[in-house]
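Here is what each chain is made of, one letter per residue.
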Amino acid sequence: MAAGTCNDEPESTDSLKSFGAVVKVFRERAKLTQKQLAALVQFSPGTVASIEQGRRLPPPEFIDRAEKVLDAFGVLRAAAKHLARQVGLATWFRQWADLEEQAISLCTYECRVIPGLLQTEAYARAVTLSVPPPPDEEQIEQRVTARLARQQLLHRRPPIAFSFIVEQALFERQTGGRETTEELIDHVLSCISPWNVEFQIMPLKQPNHAGLDGPMRLLETPKNQWLAYSEGQQSGNLITGPKDISVLLQRYAKMRSQALSPEESVGLLKRMRGAL
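The rules behind the values
Residues numbered from 1 in each chain as written. Predicted model: local features only at pLDDT ≥ 70, side-chain atom pairs only at ≥ 80, totals over all residues. Heavy atoms only, no water. Helix = DSSP H or I, 4+ residues; strand = E, 2+ residues; numbered from the N terminus. Buried < 20%, exposed > 50% of the residue type's maximum accessible area, 1.4 Å probe, protein only. Contact = heavy atoms within 4.5 Å. Pairing = 2+ DSSP bridges. Axes fitted to C-alpha atoms, helices over the stretch in contact; angles between N-to-C directions. pLDDT = per-residue confidence, 0-100. Core = buried A, V, L, I, M, F, W, Y, C linked by side-chain atoms within 4.5 Å. Phe/Tyr/Trp six-rings, centres within 6.5 Å; stacked < 30°, edge-to-face > 60°. Expected span 1.5 Å × (residues − 1). Polar contact = N/O pair within 3.5 Å; in protein donor to acceptor, adjacent residues only side chain to side chain. Parallel < 35°, antiparallel > 145°, perpendicular 65-115°, else oblique. Left-handed = near helix turned anticlockwise from the far one by under 90°. Salt bridge = Lys/Arg side-chain N within 4 Å of Asp/Glu carboxyl O.

1. Let's talk about the overall build of the protein chain
For step 1, the next point in the chain: Across its full length, the protein chain carries twelve helices and six strands.
For step 2, the next point in the chain: Based on the C-alpha atoms only, the size of the protein chain along its principal axes is roughly 65 × 45 × 35 Å.
For step 3, the next point in the chain: Within the span of the protein chain, comprising 276 residues, buried residues form 50% of the whole.
For step 4, the next point in the chain: Once local pairs closer than 6 in sequence are excluded, the contacts in the protein chain between residues at least 24 apart make up 76%.

Structure, rendered in structure tokens:
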């Protein structure tokens, strides 16, 4: 998901409010103040208050630590499964995010920003801050937290077969500055090392480019059905028609042949990293 497209955020959902109420009940059961709980889970009292009031998506670390500190019988982890892909994600992206969780294959072509599944926190913040209107601190936290939470897909069991095709220009742009780009490249190199992740760079010079109509995402469901998703400035489109899917699969296959090989892409990333 591109950053800065969540024009209807922040949004306090019923499930988020319910999660906050559950945290409060367990905290009071443990006879802890918000300040005391904050110290135990290593978050600020303000963060604890925002979570209990249903105004903030709880970070994964908060959920794990609060679960242990409050001896919550697994209730917080169970409740959090209904939150991770809500606040912080654009409304039009949420259906696709839900489909991703069950996918057996995921293919992504990006020409705007580094795919969210490969972003660092610093890069995600830089992209979020780049696109007007300027978000407030709570919106930034929600968007960055939601984006990083999606990266759990990279470690899902059973594993997903990932394919990424990313334009070289996205690294050359140095969004967020040199240090952010250095960290980003190091992070991408670590993310693409597992056997189930294929990463290719589309070089700056490629006279024949099958992806000129823009970014695309494709996924294969457990029933071996292919679906696609495309996103614009303020909208997203889930594509299910067999003929449309066939066209996008052809384009993605063509781009795989036009992009650098995975080995060449790793080599280019390392050279770009050394040149910074």
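2. Overview of the sheet that holds strand β2 (residues 161-167)
For step 1, the next point in the chain: As summarised here, the arrangement of the six strands in space is β3-β2-β1-β4-β5-β6, forming an open sheet in which the pairing is mixed. Each end of this open sheet is capped by a strand with a single partner; those strands are β3 (197-202) and β6 (236-239). Neighbour-to-neighbour, the strand axes of the sheet open up by a mean angle of 10 degrees, direction not taken into account.
For step 2, the next point in the chain: Sheet analysis places strand β5 (residues 226-231) next to β6, joined by four bridges and oriented antiparallel. By the bridge assignment, serine 230 is partnered in β6 with asparagine 237.
For step 3, the next point in the chain: Those strands touched by helix α11 (residues 242-258) are β1 (105-110), β2, β3, β4 (216-220), β5 and β6, and its axis lies near 110 degrees from that of β4.

3. Considerations on the confidence of the model for the protein chain
For step 1, the next point in the chain: Mean pLDDT over the protein chain works out to 88, with 91% of the residues at or above the 70 mark.
For step 2, the next point in the chain: Here residues 2-12 scores under 50 on pLDDT; set against residues more than four positions off or in separate chains, the count is 40 contacts.

4. Side note on the nonpolar core
For step 1, the next point in the chain: Counting residues in hydrophobic clusters, the biggest one holds 31 residues, and the most contacted among them are Phe162, Phe171, Phe199 and Leu269.
For step 2, the next point in the chain: A per-element tally of this core places helix α10 (residues 178-191) first, with four residues.
For step 3, the next point in the chain: Leave out the neighbours within four places in its chain, and leucine 269 touches Phe171, Ile185, Val188, Leu189, Ile192, Phe199 and Ile201.
For step 4, the next point in the chain: One finds Phe43, Phe62, Leu70 and Leu76 within the second-largest nonpolar core, a separate group that totals 17 residues.

5. Quick notes on the packing of aromatic side chains
For step 1, the next point in the chain: A complete count under the given rule lists five aromatic pairs for this structure.
For step 2, the next point in the chain: Considering the side-chain rings of phenylalanine 43 and phenylalanine 62, the 5.8 Å spacing of their centres and the 75 degrees angle between planes classify their relative orientation as edge-to-face. One end of the pair, phenylalanine 43, is in the loop between α2 (34-41) and α3 (45-52); the other, phenylalanine 62, is in helix α4 (residues 60-69), with 19 residues separating them in the sequence. One exposure class covers both phenylalanine 43 and phenylalanine 62, and it is buried.

6. So, the environment of glutamate 198
For step 1, the next point in the chain: With respect to the helices, strands and loops of the structure, glutamate 198 is situated in strand β3.
For step 2, the next point in the chain: Residue class for glutamate 198 comes out partly exposed when judged on its relative accessible area of 29%.
For step 3, the next point in the chain: For the pair glutamate 198 and cysteine 107, spaced 91 residues apart in sequence, the C-alpha separation works out to 9.4 Å.
For step 4, the next point in the chain: Once residues within four sequence positions are removed from consideration, glutamate 198 is found in contact with Phe162, Ser163, Phe164, Arg256 and Pro262.

7. Notes on helix α8 (residues 137-150)
Every α-helix carries 3.6 residues per turn, so stepping three or four residues along brings you back to the same face.
For step 1, the next point in the chain: Given a rise of 1.5 Å per residue, 14 residues ought to cover 20 Å, and the 20 Å separating the end C-alpha atoms of α8 matches this to within 8%.
For step 2, the next point in the chain: Taking burial as the measure, the 14 residues of α8 include eleven buried ones, the bulk of the element.
For step 3, the next point in the chain: If you check which residues of α8 are buried, you get Gln139, Ile140, Glu141, Gln142, Arg143, Val144, Thr145, Ala146, Arg147, Ala149 and Arg150.
For step 4, the next point in the chain: With a side-chain oxygen lying 3.1 Å from the backbone nitrogen of glutamate 138, the N-terminal cap of α8 falls on aspartate 136.

8. A closer look at the packing of α10 against helix α12 (residues 262-275)
For step 1, the next point in the chain: Across the interface, α10 lies against α12 with an axial gap of 10 Å and an inter-helix angle of 155 degrees. On the basis of the axis angle, α10 is roughly antiparallel to α12. Note that α10 runs across α12; the crossing there is left-handed. Packed against α10, whose contacting residues are Glu182, Ile185, Asp186, Val188 and Leu189, the element α12 presents Val266, Leu269, Lys270, Met272 and Arg273 at the interface.

9. Details of the pattern of salt bridges
For step 1, the next point in the chain: Taken as a whole and assessed by the stated rule, the structure comprises twelve salt bridges.
For step 2, the next point in the chain: The shortest N-O distance in the salt bridge between glutamate 100 and arginine 150 comes to 2.8 Å. Highlighted residues: glutamate 100 in helix α6 (residues 91-102) and arginine 150 in helix α8, separated in sequence by 50 residues.
For step 3, the next point in the chain: Classification of arginine 150 as buried rests on a relative accessible area of 2%.
For step 4, the next point in the chain: For glutamate 182, the salt bridge goes to arginine 273, with nearest N and O atoms at 3.8 Å. Of this pair, glutamate 182 sits in helix α10 while arginine 273 sits in helix α12, and the two are 91 residues apart along the sequence.
For step 5, the next point in the chain: Through salt bridges that share partners, Arg178, Glu182, Asp186 and Arg273 make up one connected network.

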